[in-house]
Amino acid sequence: MAPRDAIAPLLATVCIVFLLFKASKDVQLGTTRFQSRPSPALSCRRGQLRRELAFKFHQKGFLAGVSGRSPLLVFAEEKKEPEFYDAKLLSIEKAAEEGDVYKLVVDSPRAKEQYQIAGQFTQMRAGDNKPGFFAIANKPGEESLEFVIKKVPGTAGALTELSPGDSVEMTDVMGKGFPWDKVSDNEKYNGGTYVFATGTGFGPIKAMIEAGTFKGRSNMKIYYGARSPNHMPFRDQFEAWFKEGLLGDSSEMPIIPVYSCDENMAKKENGYVQDVAVLSSDGVDPATASAIICGHWDMTNVLKQKLTEDFGMPAENILTNF
């Protein structure tokens, strides 16, 4: 390679390193908040900055939140454009009383047949925007696909502005989903099942619930984070799920809402999922416990550390969908 031909790759590498360094600083700031417990207003602002950073990574091509690999490796690899085909938007509605989260129902016979495991996802795009990754939010085997999407600039925002009957471009279904088979033996894994989800990350957890994944499961705890009660999608379905036995065998509601920006709630209900989670190891062999995590980077990383180092849970007992 001639010296001048090496300039472009070199500049690209420098830019990537700079972005990763900046991201690590932001994530470090985000991590310190879990120890210092700042005011709700400051916590909300930091949450907003985290979401903006995640969106910038998505714009730049960083897909670690889906692939689970190093952002540098993902960015550096040659991207192969997947095949997109037309699907039909059947309905769109607000997913919660407040906020910009929407529930979209899409008709795609092709994707419906491919969708087998809760936690799988697809790429979708609208207009000239770059494709985005979106997890499926209803159980496999239904006649259509459901998505929970937050309105932000780009593809997500464009999708939430469509009308029923409009065409949506999407790819084949991707991902391994949540490998529940690894911990599905309730007699072996009876030391507690902890589920952690925030925002639209609750969508694939909802798919697991509706699929009956947790029926008969002992010692369930589902920590679900949102800005406030009115920003929490599917809150009105909790009781029905509980009565149908879809939330395990507990005699008490196992879903524990966690609100990051509602000063009117009790102190124990304020904060972030990774702060509020209580892991009981009294008389429990951590090797018999399991966890499912679906959320943003800093929450996932902090929880994995908390579960493995503080609680002693084997890493293989922690399930993600990427």
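Look above for the structure.
A brief look at the structure comes next.

The rules we used
- Residues numbered from 1 in each chain as written.
- Predicted model: local features only at pLDDT ≥ 70, side-chain atom pairs only at ≥ 80, totals over all residues.
- Heavy atoms only, no water.
- Pairing = 2+ DSSP bridges.
- Helix = DSSP H or I, 4+ residues; strand = E, 2+ residues; numbered from the N terminus.
- Contact = heavy atoms within 4.5 Å.
- Axes fitted to C-alpha atoms, helices over the stretch in contact; angles between N-to-C directions.
- Buried < 20%, exposed > 50% of the residue type's maximum accessible area, 1.4 Å probe, protein only.
- Expected span 1.5 Å × (residues − 1).
- Core = buried A, V, L, I, M, F, W, Y, C linked by side-chain atoms within 4.5 Å.

**Focus: the sheet that holds strand E7 (residues 193–198)**
Read from one edge of the open sheet, five strands run E9-E8-E7-E10-E11, paired in parallel fashion. The strands lining the two open edges of the sheet, one partner per strand, are strand E9 (255–259) and strand E11 (318–319). Here strand E8 (residues 220–226) runs beside E9; their pairing, made up of five bridges, is parallel. Opposite Ile222, over in E9, you have Ile255 as the bridge partner. Across the sheet, helix H10 (residues 297–310) is in contact with E7, strand E10 (290–294) and E11; its angle to E10 comes to roughly 170°.

**Brief notes about unusual backbone geometry**
In this model, Asn219 sits at a positive phi of 55°, which is unusual for a non-glycine residue. Mapping Asn219 onto the fold places it in the loop between helix H7 (202–210) and E8. Its relative accessible area of 48% is what places Asn219 among the partly exposed residues. Its identity is not glycine, yet Phe234 carries a phi of approximately 70°, on the positive side. Tracing the sequence through the fold places Phe234 in the loop between E8 and helix H8 (238–243).

**Some remarks on H10**
With 14 residues, H10 extends 19 Å from end C-alpha to end C-alpha; this agrees with the ideal 20 Å at 1.5 Å per step. Buried residues of H10: Asp298, Met299, Thr300, Val302, Leu303, Lys306 and Leu307, and no others.

**A word on the nonpolar core**
Core analysis: the biggest nonpolar cluster contains 54 residues, and Phe147, Leu159, Met170, Phe202, Ile205, Trp241 and Ile292 have the highest contact counts within it. At five residues, H7 tops the list of elements feeding residues into this core. Here Leu159 is in contact with Ile92, Leu104, Met124, Arg125, Ala126, Phe134, Ile149 and Val168, once residues within four sequence places are set aside. Within the second largest apolar cluster, 16 residues are counted, among which are Tyr194, Tyr223, Phe311 and Ile318.

**Points about the sheet that holds strand E5 (residues 145–150)**
What the six strands build is an open sheet, ordered E4-E3-E6-E1-E2-E5; its pairing is antiparallel. The open sheet has two free edges, formed respectively by strand E4 (132–135) and E5, since each of these has just one partner strand. Each strand of the sheet is rotated relative to its neighbour by a mean of 45°, with strand direction disregarded. Summarising the sheet, strand E2 (residues 101–107) and E5 pair through six bridges and their orientation is antiparallel. Of the residues in E5, the one forming a bridge with Tyr102 is Ile149.

**Quick notes on the environment of Asp185**
Mapped onto the elements, Asp185 comes out in the loop between strand E6 (167–170) and E7. Along the chain, Asp185 and Thr288 lie 103 residues apart, while their C-alpha atoms are 9.9 Å from each other.

**Considering the pairing of E10**
Of all five residues making up E10, five are buried, and the element is well covered by its neighbours. Residue alternation in E10 divides its side chains into two sets, Ser290, Ile292 and Cys294 and Ala291 and Ile293, and both sets are buried. Bridging between E7 and E10 involves five bridges; their strand directions are parallel. Bridge assignment links Thr193 to a residue of E10, and that residue is Ser290. The pairing of E10 with E11 spans two bridges and is classified as parallel. By the bridge assignment, Ile292 is partnered in E11 with Leu319.

Shape is all these values report; function is a separate question.
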